[in-house]
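Below are the chains, spelled out letter by letter.
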Amino acid sequence: VHLENLGALQVMAFDKTGTLTEGKFRLTDIVPMNGSSAEDLLRIAASVEQQSSHPLALAVVQAAQARNAELLPASGLENMAGMGARSEVNGREALIGSLKLFSANGYTPDSAVRQTVQQLESGGKTTMIVNYGRQFLGVLALTDTPRPGVRESLQALLEMGIKKLVMLSGDNEQAARNIGWEVGVTYVRAGLLPQDKLAAIKDLQEEFGAIAMTGDGVNDAPALATATVGIAMGGAGTAVALETADVALMADDLGQLPFAVGLSRASLAIIRQSLTIALGVIGLLIVT
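Residues numbered from 1 in each chain as written. Predicted model: local features only at pLDDT ≥ 70, side-chain atom pairs only at ≥ 80, totals over all residues. Heavy atoms only, no water.

Caption draft 1: Highlighting the overall build of the chain. When its secondary structure is counted, the chain shows 12 helices and 12 strands. Residues classed as buried in the chain amount to 45% of the 288 residues present. Taking as baseline every contact in the chain between residues at least 6 positions apart, the subset at least 24 positions apart corresponds to 59%. Summed over all atoms, the accessible surface of the chain reaches about 13,500 Å², with 53% contributed by carbon and sulfur. Considering the chain, the positive charge centre built from 21 side chains and the negative charge centre built from 29 side chains are found 4 Å apart. (Helix = DSSP H or I, 4+ residues; strand = E, 2+ residues; numbered from the N terminus. Buried < 20%, exposed > 50% of the residue type's maximum accessible area, 1.4 Å probe, protein only. Contact = heavy atoms within 4.5 Å. Areas by Shrake-Rupley, 256 points an atom, 1.4 Å probe, with all protein chains shown as cover. Lys, Arg positive; Asp, Glu negative; His and termini not counted. Charge placed at Lys NZ, Arg CZ, Asp CG, Glu CD.)

Caption draft 2: Spatial organisation of the side chain of Ser 47. In this structure, Ser 47 sits in helix α3 (residues 38-49). One polar contact links the side chain of Ser 47 to the main-chain amide nitrogen of Leu 72, over a distance of 2.8 Å. With residues up to four places along the chain from it excluded, the contact list for Ser 47 reads Leu 71, Leu 72, Ala 74 and Val 89. (Polar contact = N/O pair within 3.5 Å; in protein donor to acceptor, adjacent residues only side chain to side chain.)

Caption draft 3: Geometry of the sheet that holds strand β11 (residues 229-233). Spatial ordering of the open sheet is given by β9-β8-β1-β10-β11-β12, a layout of 6 strands whose pairing is parallel. Two strands bound the open sheet, and with one partner strand each, they are β9 (187-189) and β12 (247-249). Geometrically, the sheet is characterised by an average inter-axis angle of 20° between neighbouring strands, direction not taken into account. Here strand β1 (residues 11-15) runs beside strand β10 (residues 211-215); their pairing, made up of 4 bridges, is parallel. From the neighbouring strand, Ala 13 faces β10, where its bridge partner is Met 213. Packing against the sheet, helix α9 (residues 194-208) makes contact with β1, β8 (164-168), β9 and β10, and its axis sits at approximately 165° to β8. (Pairing = 2+ DSSP bridges. Axes fitted to C-alpha atoms, helices over the stretch in contact; angles between N-to-C directions.)

Below, the structure is given as structure tokens:
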């Protein structure tokens, strides 16, 4: 049934990080604030993120290790889906994430923090605000790169008659649009929490009917389950995404998507031919 559904699609949605991009972030900016140093800012952030397997967390930890930073003991990591993380470092609360994370936890970043975030995000970068002991230590900025060949794969889908390629991202608007323009999607929705991605899939289904969703993370699981066809990145995908999806792309090769759609359409054509011939023969036998 999934093969048949895949051949009838008009719209395909994609997660950004780890699906359209490699999911291998690189730390580009360390902006300390309120009297903290770049070393302290990075040390606190890496101490929290060493407990996480998120692509952003891995990039921060790798940057700290490259600078030989001494990480502090941290405990009680709490991932806030689509917003960031909370933990304790040396018995003091540490929060790392987006502006949404602090708004949801009753914190109000000062104007300097907001201006720094806005400036970095206007350059298409992903930002992480670091707060330790209820004091804002500064902002980190990271960048990601598109997967090789992804633009050609998406162009092949458009040439096959797929009407709309939608990118759903939890990243900031500018960073998402930069990647979207680079890979060639037709529509971008950014700043989405997992429930927002789910709502976006439902909206697209109401408008276009059958829709596919391609993703790799835990945050994508609700959208993968709701879409007509859920497609998971086989190598980089989380266990939850793989369990939820209907189709898995081996070796994380998005170049297989046009092949899968073409195979599905050929299968549908053969099914229709078989039914037509069978019903024609039955009708002829009935008349006979």
